[in-house]
Amino acid sequence: MNEGIKLFLKVAYYTTIFSCFFFLFYNHVYNYQPIVRYENDLYLHLEKEFGNERNNLSRTSYNHPGFHIIVIFFSLLTTISIPNAAIIILSLCVASTAFFIKKIVDFYLLQKYSDVWRYTITTCLMLISSIYVPMFNSFLYLGQGSSAVYHNPTLIALKPFLFATLFLLMKAWSTARTSPWIYWTVSVLLAYGSLIKPNFVLIFIPSILFLYCLGLAFRRAFIDMSVKNMLILVGPTLCALSFQYVVEYFFGSNHDSIVLDWFRLWQSWSPNILFSLLLALLFPLSVILLRWRSFFCSPMFVLAAIMMCVGIMQFGLLGEVKKHGAGNWGWSYVTALHIIFVYATIEFFRWIPSLKLNASWADKASVAVISMTFCLHMASGIFYFFKVMSGLNYG
């Protein structure tokens, strides 16, 4: 494929993503009807932070201001209204998320698949969701979660920072000598990402520290990083988290507190939590179980699995007193879902070209099982995408 066609494909791909989500977010702002049509959190964010007119910059009272700061800056820079600025910023965030996921896919699969195939895999990773079984739970999202989230603006705004962080760490750990600027860049991305929505760093920091300590304990370097670079990575983010914790729980208007929830909120959304987890994670679990040797040889996949475990524990065990029903710790679980799907999908597609025509029956059976689970997740994800785009309830 020549360079001209590659450029056209790239422009057409990201323009299409931007246009689709511009349509969705425009309807979220201007055609929102509670419970009935285009239910979302964007309208509520604009209403809460900027007043009834949603243009009054003096009425900002948010605790995690990262997304709102970007919107305000863009609105002032372009002189367009706050709602329109939010629509454009979120559409750009979705396109940027696709861009960084594509960079991660290219990192592993550049030599194995064509451009069209890699764009297709990226599209799958933007759409894939938990398996929908309406006989078990009438909700696809509530109870199971989804790697594809369309209704929450701060999570959507966080994802470019999240996947840019993972991409830079992959590059850093794959080279013998890494420039310190990469860790400083990642540190800035993590710190600012925590100001948008802290849930990624709340699963990332304990997971990377655990993986680092695991490597020291077993004398195996899962990640190639010095103590100095680790401090660069997590130090500024811990400061940002501490600031937000003090503001939110001591000086905020709600004066809330964190308590042990023991899965109470999760049980209110799911008839059976273990089965909900199976519907959410069937494909990644299949890849890990059937490709366990490759799993342990992939530091990023192992890190994603640890983050998934941390996210499950945070969602199940932690809650807030005054905002218990909001399920804010659930964002850790939902964030981890998207990450583990990315690395499970890459591992699966890395494996397929290495299979020979005379592969063993066990390998063929493994491919069939994993492919079937992937298709179930994809079918549910496509259904969920069109459901949300048509204005139906995101739950």
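What counts as what
- Residues numbered from 1 in each chain as written.
- Predicted model: local features only at pLDDT ≥ 70, side-chain atom pairs only at ≥ 80, totals over all residues.
- Heavy atoms only, no water.
- Helix = DSSP H or I, 4+ residues; strand = E, 2+ residues; numbered from the N terminus.
- Rg over C-alpha atoms; globule rule 2.2 N^0.38 Å.
- Buried < 20%, exposed > 50% of the residue type's maximum accessible area, 1.4 Å probe, protein only.
- Contact = heavy atoms within 4.5 Å.
- Lys, Arg positive; Asp, Glu negative; His and termini not counted.
- Charge placed at Lys NZ, Arg CZ, Asp CG, Glu CD.
- Core = buried A, V, L, I, M, F, W, Y, C linked by side-chain atoms within 4.5 Å.
- Phe/Tyr/Trp six-rings, centres within 6.5 Å; stacked < 30°, edge-to-face > 60°.
- Salt bridge = Lys/Arg side-chain N within 4 Å of Asp/Glu carboxyl O.
- 1 Å grid on protein atoms, 1.4 Å probe; cavity = no way out; pocket = protein on both sides within 12 Å on 5 of 7 lines; lining within 4 Å.
- Points joined across faces, edges and corners; volume = space filled by probe spheres on them.
- Nonpolar A, V, L, I, M, F, W, Y, C, P; charged D, E, K, R; others polar.
- pLDDT = per-residue confidence, 0-100.

1. Here's the deal with the overall build of the protein chain
Moving on, step 1. The number of helices and strands found in the protein chain is 15 helices and 2 strands.
Moving on, step 2. Taken over the C-alpha trace, the protein chain has a radius of gyration of 21 Å; the compact-globule value for 395 residues is 21 Å, and the two agree within 12%.
Moving on, step 3. Dimensions of the protein chain, computed from the C-alpha atoms along their principal axes, are close to 65 × 50 × 45 Å.
Moving on, step 4. When burial is assessed residue by residue, the protein chain has 54% of its 395 residues classed as buried.
Moving on, step 5. In the protein chain, once contacts between residues fewer than 6 apart in sequence are set aside, the share between residues at least 24 apart is 72%.
Moving on, step 6. Charge separation in the protein chain, taken as the distance between the mean sites of 26 positive and 15 negative side-chain charges, equals 10 Å.

2. Quick look at the nonpolar core
Moving on, step 1. One finds Phe200 and Tyr343 to be the most contacted residues of the largest nonpolar core, which totals 124 residues.
Moving on, step 2. For Phe200, the contacting residues outside a window of four places in its chain are Leu158, Leu162, Thr165, Leu166, Leu190, Met307, Thr335 and Ile339.

3. Description of the environment of Trp331
Moving on, step 1. Relative to the helices and strands, Trp331 resides in helix α14 (residues 330-351).
Moving on, step 2. Expressed as a C-alpha distance, the spacing of Trp331 and Ile312, which sit 19 residues apart in the sequence, is 9.9 Å.
Moving on, step 3. Those residues in contact with Trp331 that lie beyond four places of it in its chain are Asp41, Tyr141, Val149, His151, Asn152, Leu155, Lys197 and Asn199.

4. Brief notes about the packing of aromatic side chains
Moving on, step 1. Counted according to the given criterion, the structure contains 35 aromatic pairs.
Moving on, step 2. Taking the centre distance of 5.2 Å and the plane angle of 80° together, the rings of Tyr13 and Tyr14 count as edge-to-face. Neither residue differs from the other here; Tyr13 and Tyr14 are each classed as buried.
Moving on, step 3. With centroids separated by 5.9 Å and ring planes inclined at 80°, the aromatic side chains of Phe349 and Phe374 adopt a geometry described as edge-to-face. Placement of Phe349 in helix α14 and of Phe374 in helix α15 (residues 361-389) is noted, with a sequence separation of 25 residues between them.
Moving on, step 4. What links up through ring pairs into an aromatic cluster is the set Tyr113, Trp117, Phe283, Phe341, Phe348, Phe349 and Phe374.

5. Digging into the pattern of salt bridges
Moving on, step 1. One pass over the structure, following the stated rule, counts 7 salt bridges.
Moving on, step 2. Taking the shortest distance from any N to any O, the salt bridge between Arg264 and Asp261 comes out at 3.2 Å.
Moving on, step 3. You can call Asp261 buried: its relative accessible area is 2%.

6. Notes on empty space enclosed by the protein
Taking a probe equal in size to a water molecule and rolling it over the atoms shows the remaining empty space.
Moving on, step 1. By the definition in use, this model includes 4 cavities of 30 Å³ or more.
Moving on, step 2. What the largest cavity holds in volume is close to 120 Å³.
Moving on, step 3. Contributing to the lining of the largest cavity are Phe21, Val94, Thr97, Met126, Ser147, Ala148, Val149, Tyr150, Ile156, Lys159 and His338.
Moving on, step 4. Considered class by class, the residues forming the lining of the largest cavity number 7 nonpolar, 3 polar and 1 charged.

7. Here we look at unusual backbone geometry
Across residues other than glycine, the phi torsion is negative in most instances, and most of the peptide bonds are trans.
Moving on, step 1. Despite not being glycine, Tyr38 shows a phi value in the positive range, around 50°.
Moving on, step 2. A relative accessible area of 3% places Tyr38 in the buried class.
Moving on, step 3. Its identity as a non-glycine residue notwithstanding, Thr79 has a phi of 60°, on the positive side.
Moving on, step 4. Relative to the helices and strands, Thr79 resides in the loop between α3 (66-78) and α4 (82-109).
Moving on, step 5. What makes Thr79 exposed here is its relative accessible area of 69%.

8. Some remarks on the confidence of the model for the protein chain
Any residue range with low pLDDT should be treated as having predicted coordinates unsuitable for detailed reading.
Moving on, step 1. Averaged over every residue, the pLDDT of the protein chain is 87; residues scoring 70 or more account for 92%.
Moving on, step 2. Under a pLDDT of 50 for its full length, residues 52-61 has, in the predicted model, 25 contacts with residues more than four places off or in other chains.

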